[in-house]
Amino acid sequence: MTEPALAPRNAFVGVIVVWAAAFVTTVAIGIFVPEEWRVPWMLVGFGGVVLLSFAVQLWYGRTQGFIFRVASSVVGALLLMGVISVGFGVAALIPT
């Protein structure tokens, strides 16, 4: 028989950590990668964020709500990366 945790960690901190990692990854790719290589590197960055999402939620160690937390992490990161990449795409259209 297992004993319940007296003060469990907040499960959604891991979701926020994944979103922050997605934000940092996307901005770094947008700044440091040439325009013609951004889309492939965004895919690589998103793959890393998906793996990070699983790792963070597995590290948390609770089975209740695992799928919801992973889905929230991945969908939120996808939307965040999409919005930021649209911003970089629009900025690339502006002639310098």
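What this report covers is the structure whose coordinates are included nearby. (Residues numbered from 1 in each chain as written. Predicted model: local features only at pLDDT ≥ 70, side-chain atom pairs only at ≥ 80, totals over all residues. Heavy atoms only, no water.)

**With respect to the environment of Asn10**
Part 1: With respect to the helices and strands, Asn10 occurs in the segment before helix 1 (13–32).
Part 2: Spatially, the C-alpha atoms of Asn10 and Tyr60 are 9.1 Å apart, while their sequence positions differ by 50 residues. (Helix = DSSP H or I, 4+ residues; strand = E, 2+ residues; numbered from the N terminus.)

**Here's the deal with helix 3 (residues 66–93)**
Part 1: Taking 1.5 Å of rise per residue, the 28 residues of helix 3 would be expected to cover 40 Å, and the 41 Å separating its terminal C-alpha atoms lies within 8% of that figure.
Part 2: Taken together, the buried positions of helix 3 are occupied by Phe66, Arg69, Val70, Ser72, Ser73, Val74, Gly76, Ala77, Met81 and Ile84.
Part 3: Along its buried surface, helix 3 packs onto helix 1 and helix 2 (38–60). (Expected span 1.5 Å × (residues − 1). Buried < 20%, exposed > 50% of the residue type's maximum accessible area, 1.4 Å probe, protein only. Contact = heavy atoms within 4.5 Å.)

**With respect to the side chain of Arg69**
Part 1: Relative to the elements of secondary structure, Arg69 occurs in helix 3.
Part 2: The class of Arg69 is buried, set by a relative accessible area of 2%.
Part 3: With sequence-adjacent residues up to four places away left out, Arg69 is seen in contact with Ala11, Phe12, Val15, Gln57, Tyr60, Arg62 and Gln64.

**Things to note about the environment of Ala21**
Part 1: Here Ala21 shows up in helix 1.
Part 2: Placed 56 residues apart in sequence, Ala21 and Ala77 show a C-alpha to C-alpha distance of 8.5 Å.

**Quick notes on the environment of Leu80**
Part 1: Here Leu80 shows up in helix 3.
Part 2: For Leu80 and Trp37, which are 43 residues apart along the polypeptide, the C-alpha to C-alpha distance reads 19 Å.
Part 3: Among residues more than four places away in sequence, those in contact with Leu80 are Trp19, Ala22 and Phe23.

**Focus: the nonpolar core**
Part 1: Counting nine residues, the largest nonpolar core consists of Val18, Ala22, Ile29, Val33, Met42, Val49, Val56, Ala77 and Met81.
Part 2: Of all the secondary structure elements, the ones that give two or more residues to this core are helix 1, helix 2 and helix 3.
Part 3: If we skip the residues at most four places from it in the chain, Val18 touches Val49, Leu52, Ser53, Val56, Ser73 and Ala77. (Core = buried A, V, L, I, M, F, W, Y, C linked by side-chain atoms within 4.5 Å.)

Keep in mind these values describe shape, not function.
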